[in-house]
Amino acid sequence: MCCLFGMIDYKHTLSRRQKTRIVRTLAELSEERGTDAAGIAYNSGGTLHIDKHPGAAHTLNFRVPRDSSVVMGHTRMTTQGSALKTQNNHPFAGNAQGMPFALAHNGALYNDRLLRKTLKLPNTNIETDSYVAVQLIEQMEALNFNSLRHMAEEVEGSFCFTVLDRKNNLYIVKGDNPFCLVHYPEKGLYLYASTERILGKALLLLNLPGTPELVELSCGDILRINSHGRQKRERFSVEQFLFSWASYFQPKKVGLVCDEDEAYLDELKTTASWCGYDSKWIDDCLAEGFSLDEIEEFLYCGEL
């Protein structure tokens, strides 16, 4: 239950102070979905920068450089990999054949370890499941619709990704997790957050001139917004989501936890406690035949 947030000032109408206020407002409101760490990515001086730290967003005092027009942000609630280790926090840095990029993820991926093994992905000290998305893009040796489609169709779990490259292209890869994007065409401004609730609060606080237009996104969309504010959209297969939800209607077997899943179970019980459920509730779900993956899906999506 993390949060994505950000802005695109493609007409370059905002001052440094205005951009910083927008980013801080979005970041602080995004704390309702995670306070373990926060970070932003942006381009300045021809270089892609990532500023991320453990702790709640309001304590980090993000500042947006004058020459930065796109900011991609993330607030984190830890599920895998300690937030005290900065490398585990979002956004993550990647490089696809000389094109630096940053990636942020809201959701939980279940097959990251399997993908690293079967696709022979490089060893890394990053413990977060989300980082496998960076490795999949890098393995394709390009950052484009094809590599993002490949990544989205390889991973299993719940997700929405944002990816920013050095040319100020922002990609949104919309899986089954929520995402809300609005456009102020007169001002040349896009704003986004993971939920309509968070973004709506931000718009009220910011009180920007003009009327925002909602940009509709569906599960399976890959949207690119370039440095001039132009949109291009392609699709990836959503078959994995259809299979995942259909599995809830299949007969259940008694849930068992193998030794190798003990660490996963401990992490899941910690996450459940943050959502108001005790460890006995997890044990009861397992006894009813639900898998660890199904229980985690419930914690993020609210249906079991």
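No experiment lies behind these values; they were computed from the predicted model shown.

(A) Quick look at the sheet that holds strand E3 (residues 47-54). In space, the seven strands of this open sheet follow the order E3-E2-E4-E1-E10-E9-E11, with antiparallel pairing throughout. Each end of this open sheet is capped by a strand with a single partner; those strands are E3 and strand E11 (213-215). The sheet shows a mean angle of 15° between the axes of neighbouring strands, direction not considered. In the sheet, strand E1 (residues 3-9) pairs with strand E10 (residues 189-193) via five bridges, with the strands oriented antiparallel.

(B) View of the packing of aromatic side chains. For the coordinates displayed, the defined rule picks out six aromatic pairs. Note on Phe145 and Tyr171: the rings are 5.9 Å apart at their centroids and 80° apart in plane angle, and the pair reads as edge-to-face. Taken together, the residues Phe145 in helix H4 (residues 145-154) and Tyr171 in strand E8 (residues 170-174) connect sequence positions 26 residues apart. Here Phe145 matches Tyr171 in class, with each residue buried. When the centroid spacing of 5.9 Å and the interplanar angle of 35° are considered together, the rings of Phe159 and Phe236 count as tilted. With Phe159 in strand E7 (residues 157-165) and Phe236 in the loop between strand E13 (231-235) and helix H6 (239-246), this residue pair connects regions lying 77 residues apart in the sequence. In this structure Phe159 comes out as buried when scored by relative accessible area, which is 0%. The buried category is assigned to Phe236, whose relative accessible area is 4%. Through a chain of ring-to-ring contacts, three or more aromatic side chains come together here, namely Phe159, Phe161 and Phe236.

(C) Spotlight on the pattern of salt bridges. In this structure the tally under the stated criterion is eight salt bridges. The partner of Asp221 in a salt bridge is Arg233, and the shortest N-O contact between them spans 3.0 Å. On the criterion of sequence distance, the pair formed by Asp221 in strand E12 (residues 221-225) and Arg233 in strand E13 is long-range, its members being twelve residues apart. Residues joined by salt bridges that share partners form a network here, namely Glu32, Arg197 and Lys201.

(D) Local environment of unusual backbone geometry. Here the residue pair His90 and Pro91 is connected by a cis peptide bond, since its omega of -5° sits within 30 degrees of zero. Despite not being glycine, Lys120 shows a phi value in the positive range, around 55°. Tracing the sequence through the fold places Lys120 in the loop between helix H2 (112-118) and helix H3 (131-139). What makes Lys120 exposed here is its relative accessible area of 73%. For Glu141, which is not a glycine, the phi torsion comes out positive at approximately 60°. Within the fold, Glu141 resides in the loop between H3 and H4. When its relative accessible area of 49% is taken as the criterion, Glu141 is described as partly exposed.

(E) Quick peek at the pairing of E8. Of all five residues making up E8, five are buried, and the element is well covered by its neighbours. The side-chain alternation of E8 yields two buried faces, one formed by Leu170, Ile172 and Lys174 and the other by Tyr171 and Val173. Here E7 pairs with E8 via five bridges, running antiparallel. What sits directly across from Thr162, in E8, is Ile172. Across five bridges, the pairing between E8 and E12 is antiparallel. Bridging across to E12, Val173 finds its partner in Ile222.

Cut-offs applied
- Residues numbered from 1 in each chain as written.
- Predicted model: local features only at pLDDT ≥ 70, side-chain atom pairs only at ≥ 80, totals over all residues.
- Heavy atoms only, no water.
- Pairing = 2+ DSSP bridges.
- Helix = DSSP H or I, 4+ residues; strand = E, 2+ residues; numbered from the N terminus.
- Axes fitted to C-alpha atoms, helices over the stretch in contact; angles between N-to-C directions.
- Phe/Tyr/Trp six-rings, centres within 6.5 Å; stacked < 30°, edge-to-face > 60°.
- Buried < 20%, exposed > 50% of the residue type's maximum accessible area, 1.4 Å probe, protein only.
- Salt bridge = Lys/Arg side-chain N within 4 Å of Asp/Glu carboxyl O.

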